[in-house]
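Each chain, letter by letter, is given below.
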Amino acid sequence: MDTFSQYLYAFLCGTIVLSYIRRRYDPLNSIPTIGPSAPLLSYLGVYRYFRHAQDMLHEGYEKYKGSVFKVPRLDQWIVVVCGAKMNEELRRVPEDELSFLAASEELMQAKYTVAPLLADHLINVTVMRGQLTRNLATLIPGIVDEIQTTLQDLIRVEGDEWVHIDALQTMVKVVGRASNRIFVGLPLSRNPSYLEIVMNFYLDVVKGMTILSIVPKPLKPLVGPLFPWSRRATRRLSVLLKPVIEERQMMLREREGDWADKPNDMLMWLIEEAGAIDGSVELIVQGILHSNFASTHTSAISITHALYHLAAEPKYLQPLREEIESVIAEYGWSKLGIGKMWQLDSFMRESQRMNGASAISVIRKALKDVTFSDGTHIPPGTLVCAASTATHYDEENYVNANVFDPFRFSKMRGEESERVKHQYVSTSADYIAFGHGKHACPGRFFAAYELKAVLAHIILNYDVKFEGEATRPDNVWPGITIIPAPGAKVMFRKRQ
Ligand code: HEM
C-alpha cells in the first residue's frame, strides 16, 4: 500500500470509529427513530430517508403524534415534532433557544454555497419584509406586464391547435422573469446573460449543499472555501450590475432626498440598505443572487403543482374564469383585484397544502437545552423541524385531507372572522407550507400575488388538460423536496 492509501485508510477507519462512538453515546438516543438507529446501521436509514422521506415522515407522524421522533441525515439526526399543537410550541420557542438562522446556516452552509457577505447582513430579508411587501400595489402592473409577455413568448398557440408544454421548465422561466422585473427592473431583467446567471445559481447552491452534507463537520471549513460557484456567480453578476449600482449610488449622493424618478425595485432598496453598512457592490450583488435562490424554484414548483391540478381537472376552469373576469371588470389587474380572487387564492392554498415545496418546515437549531411540554429534551446543536406534508394530510386538521378540494378555503372565508385566516399567505399551526412564526417566508406576499397573476392569465387565455385526459402525474421526492413530475407535458390551446 502506498503512503497516500495508508493515510486514506487511516482517515476512513478514524471517521467510522468516531461516528460509531458519537452515535453510541448520543444524547438523542432516548428519542424514537424511524428506520434503524444502531450506530453504522443508521446509515442505511440515511439512504432510506433520501429515497422514501415521505413514507418515513408519515410513519413517524402517525406513531408519535403529540410528541417527536427522529430521522437520520448523514452528519446528524433531525428531530421532527408531530401534530399542530407541537408545531405551535416549536414556533413559540425564542430565536436564542431554537434558532432559524443557525439551522439555515447549518443546512445550507450559505457562507460557502450562497453568499458569504449576507451571512452577517441579511439585507435582502429586511427588504422583502419591508419595501417589497409594502410596495406591492405599485409593483403589480410590472409583474402583470412581464407575465403576459413571457407567456406569449413561451406558449405559442394558433387557432384551435393543442401544443405540448413542459410545464415545470416553462414556469421556472415565467416566474424567473416576473420576479426579476421587480428585483432589477427592465432592461436587465430580460437580458439573457443576466437571466442565465441568476437562474442557474440555484443548481450551483444545491450542488454545494449536497457535497457539504456528506463532508464531516470538522472538514466543512476546509472543503467549503474550495467551492468556486458562489464566487463565480458573484463575479459574473457584478460585471452586469456594478455600473448600474454605481450610477444609482452616485444619483443618491447627488440628489439626496430629491430624486423624483428613483427606481422602485429590489436593487434600489438593497443599495439603500447596504449604504447603511459599507455600500459594497458585492453585498448588493449577493442580495440579488440570494433572492433568486430563495424565490424562483419554490415559486415555480408551487405554480406547477397548481397547474397540474388544473390540467387534471379542467372542470375548474369555468368557475375560476367567472371569478377572475368579474373581478377584473371591476378592479382591473390591481393588488385590490387580485386580492379579491378568493377562489383562485383557495386553489393555490389547497394545491400547496397537498403538495408544497418541502416535506419539512419551521426548521430550527437548538442553541440551548430546550424541553418540550411532552418532556422531550433537546440538547444544544440539535436540528428540529415540523413535518409539513404530514400536518397537511392530518384528518384532525382537514376533513377529507386526501381529497383535492380547490374551494375548501374560499368556502371557509364566508364568515367575517375567518376572512384572513384562510388566505393563501396565512400561516398557522396546521398550515406550515410557508413556515410559521417569526421566520415564516418573508417573500410569501409577493409570491402569492405573482403566482395568482400567472395562474389567472393562464386560466383566462388558454384551455389546459393532460394528453388523453390523464390524471395528475405523481410528484417526485428527492429527499424532502417535493417536485411536480419533471418533464410532464401540459397541453395548452387558445381559449375557445
Ligand atoms: C410559493 C413559493 C414559496 C414557498 C413555498 C416558500 C417557502 C418558504 C419556507 C418554508 C421558508 C422557511 C420558513 C421556516 O422554516 O419557518 C422560507 C423562507 C424564506 N423565503 Fe420563501 N417561499 C416561497 C417564495 C419566496 C419568494 C418569492 C421569496 C423572495 C421574494 C422568498 C424568500 C425567502 C427567504 C429570504 C427566506 C428565509 C427567511 C429568513 O431568513 O428569515 N420565498 N420560504
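As the structure is a computational prediction, the values presented were derived from the model and not from experiment.

(A) Spotlight on the sheet that holds strand β8 (residues 383-387). Strand order in this open sheet of 5 strands is β1-β2-β8-β5-β3, and the pairing throughout is mixed. Looking at which strands have only one partner, the edges of the open sheet turn out to be β1 (68-72) and β3 (98-99). Sheet analysis places strand β2 (residues 77-81) next to β8, joined by 4 bridges and oriented parallel. What sits directly across from Val 79, in β8, is Val 384. Sheet contacts for helix α3 (residues 84-92): β1, β2, β3, β5 (360-366) and β8; angle to β8, the most-contacted strand, approximately 140 degrees. Sitting on the sheet, helix α4 (residues 100-108) is in contact with β3, β5 and β8, with an inclination near 100 degrees to β5.

(B) View of empty space enclosed by the protein. Applying the stated criterion across every chain yields a total of 1 cavity of 30 Å³ or more. What lines the largest cavity is simply Arg 73, Asp 75, Gln 76, Glu 106, Leu 107, Gln 109, Met 209, Leu 212, Ser 213 and Lys 220. Every element with two or more residues in the lining of the largest cavity is listed here: α4 and α9 (192-213). Here the element with the most residues in the lining of the largest cavity is α9; it accounts for 3 residues.

(C) Structural detail: the UniProt feature "binding site: heme" (unreviewed entry) in the protein chain. As annotated in UniProt, the feature "binding site: heme" (unreviewed entry) corresponds to Cys 441 in the numbering used here. Tracing the chain through its elements places Cys 441 in the loop between α18 (408-412) and α19 (444-461). Judged by its relative accessible area of 28%, Cys 441 is partly exposed.

(D) Spotlight on the site of the ligand. Close to the ligand lie 26 residues, the nearest being Phe 100, Ser 302, Val 362, His 439 and Cys 441. At 3.3 Å from an oxygen atom of the ligand is found a side-chain nitrogen or oxygen belonging to Arg 129. Between the ligand and His 439, the relevant distance is 2.9 Å, taken from an oxygen atom to a side-chain nitrogen or oxygen of the residue. Listed by contribution, the elements that provide at least two residues to the shell around the ligand are α6 (123-134), α13 (281-312), β5 and α19. Here the shell around the ligand takes 5 residues from α13, the largest share from any one element. Taken together, the residues of the shell around the ligand sort by class into 15 nonpolar, 9 polar and 2 charged.

So, how was this worked out
Residues numbered from 1 in each chain as written. Predicted model: local features only at pLDDT ≥ 70, side-chain atom pairs only at ≥ 80, totals over all residues. Heavy atoms only, no water. Pairing = 2+ DSSP bridges. Helix = DSSP H or I, 4+ residues; strand = E, 2+ residues; numbered from the N terminus. Contact = heavy atoms within 4.5 Å. Axes fitted to C-alpha atoms, helices over the stretch in contact; angles between N-to-C directions. 1 Å grid on protein atoms, 1.4 Å probe; cavity = no way out; pocket = protein on both sides within 12 Å on 5 of 7 lines; lining within 4 Å. Points joined across faces, edges and corners; volume = space filled by probe spheres on them. UniProt positions renumbered as here; feature names shortened; annotations may be inferred. Buried < 20%, exposed > 50% of the residue type's maximum accessible area, 1.4 Å probe, protein only. Near = heavy atom within 4 Å. Polar contact = N/O pair within 3.5 Å; in protein donor to acceptor, adjacent residues only side chain to side chain. Nonpolar A, V, L, I, M, F, W, Y, C, P; charged D, E, K, R; others polar.

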